[in-house]
Amino acid sequence: MARGVCLWPFLRRVRTPASSSFLPFLFLWLLMLTGVSWQAPHAPRFVQVQCLESHMVVSVERDLFGTGKLVKATDLSLGLGGCKPAAVQEDAQVVTFEAGLHECGSEVQVTPDGLIYRTSLFYRPHPIGSFTILRTNRAEVPIECYYPRWGNVSSRAVQPTWVPFRSTVASEKKLDFSLHLMNDDWTAESTSAEFQLGDVAHLQAEVHTGGHVALKLFVDSCVATLSPDKNSEPRYSIIDYRGCLVDGLSESSSAFRAPRPKPDILQFTMDVFHFVQDSRKLIYITCHLRVTVADQAPDQINKACSFNKSTNSWFPVEGSPEICKCCNTKNCENPKGSRGLLPISAKPWKRMASLHQQQAREADLTVGPVFLAMNISRHTPREPNPDFVEKYAALGLGLSLIAVSVFTLVIMALVLLCRKHNSAS
């Protein structure tokens, strides 16, 4: 047979002992370069939010899950108020919501640095026609608008004591309460609200006193619900009876952190959970915060008590263990001599002043939604899941290496066949 019958003629021209053995590695090197430069595709953003001066604009791609199947605009709503989108054409690819910052059941949180308006985009699919099945899951996409705060500082002289009562009330209302999820070492606010069952949530309650006299903070109660409404059902008490962390009675390690970092800060941990037979797998935590004068001696009203399973007893963050005994009786009434808040005077105008002070020294704050092993994670549909991207990249690199190995073996086999063919001819 003629030598030109070889399938790869160009191999003849480079057929030397060195070049023949080097050729497969040359192809392997070139293909490895191609494999190293491979990158996972970047997922588009399916929900976009514009935070304007007095309202927000939420734009939602109808291909909400990136599968090519469009969701119905009527299945989308904004906030717990269930606000519907503006008029949408049948062939439109984007659904737009416009709502005021205080509309559609949105919530506002006041922090030392800004105002945070929170709401959610809900996708609730409905059966089509007479069908009673659904092929997609419900989804909730948290939405936040953050606005920085500015304060005024005045160098004017202190006002005399005969200033009208209205000025006094304004001064009392400068107490700022806050409730945050913290990271594991309590050094900063947590950047994620996603947990798995078995994780421990770290919560910190704080009051910013400003120029106020020294105060001590207490958490009278905390309740977990499926909506921001603390009175909704189902509900589960985490703290009750004026500072008894009753969640510690169950199979959990929930407890107050002792000692306090500061009198105006109170920290506690909570083993995360979810309500049985509820598909949302999220909770809201609402706590009632209250302050007393800093020199108030701890008692059964002003306390923070955790349950110790090893000793089967309650123990306080500060004070005598006696103040926690009422956690067992569930009857923590106001003891004689306690002055948690200023007493209400018998005189009408003084009674009004005390009521204003009491309102200024108490607050209900909500943290949430806290996500617990949701079917659709926080990364969907807003951003790609990092774990999925890493697995996708590893799979692609592995397939590339397999392809390179197979291709190299084929090249080596062809080289050997060509050598035998040339020798036979």
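To be clear, the structure that these remarks concern was listed above.
Q: Can you tell me about the packing of aromatic side chains, naming the residues and giving the values?
A: Note on aromatic pairs: each is described by the distance of the centres and the angle between the planes. The tally for this structure, following the rule as stated, stands at 5 aromatic pairs. Taking 6.2 Å as the distance between ring centres and 80° as the angle between the ring planes, the aromatic pair formed by F273 and F275 counts as edge-to-face. Take F273 and F275: they sit in the same class, and that class is buried. Residues F307 and W314 carry aromatic rings whose centres are separated by 5.4 Å and whose planes lie at 65° to one another, so their mutual orientation is edge-to-face. According to the relative accessible area criterion, F307 is buried, its value standing at 14%. Residue W314 is classed as buried on the basis of its relative accessible area, which comes to 6%. Feature note: the residues Y236, F273 and F275 constitute an aromatic cluster, connected by ring pairs. Its guanidinium or amino end placed over the ring of F122, R124 lies 4.2 Å from that ring's centre, counting from NZ or CZ.

Q: If you had to explain the pairing of strand β2 (residues 55-61) to someone new, which residues and values would you point to?
A: Of the pairings in the sheet, the one linking strand β1 (residues 47-51) to β2 comprises 5 bridges and is antiparallel in character. Bridging across to β2, Q50 finds its partner in V57. Direction of pairing for β2 relative to strand β4 (residues 94-100): antiparallel, over a ladder of 7 bridges. Opposite V60, over in β4, you have V95 as the bridge partner.

Parameters and conventions
- What you see as residue numbers is a count from 1 along each chain, following the sequence as written.
- In view of the model being predicted, local features appear only for residues whose pLDDT reaches at least 70, and side-chain atom pairs are presented and counted only at 80 or more, with totals across whole chains, interfaces and linings using the full set of residues.
- Excluded from the side-chain calculations are hydrogens and water; all other atoms, namely the structure's heavy atoms, are used.
- Pairing of aromatic rings covers Phe, Tyr and the six-membered ring of Trp, with a centre-to-centre limit of 6.5 Å; geometry is then stacked below 30 degrees between planes, edge-to-face above 60, and tilted otherwise.
- Buried, partly exposed and exposed residues are distinguished by accessible area as a fraction of the type maximum, computed with a 1.4 Å probe on protein chains only: under 20%, between the cut-offs, and over 50%, respectively.
- Note on criteria: charge over ring means Lys NZ or Arg CZ within 6 Å of the ring centre, with the direction from the centre no more than 35 degrees off the ring normal.
- Pairing between strands is defined by DSSP: at least two bridges between them are needed.
- Comment: elements are numbered from the N terminus, with helices defined as DSSP H or I runs of at least four residues and strands as E runs of at least two.

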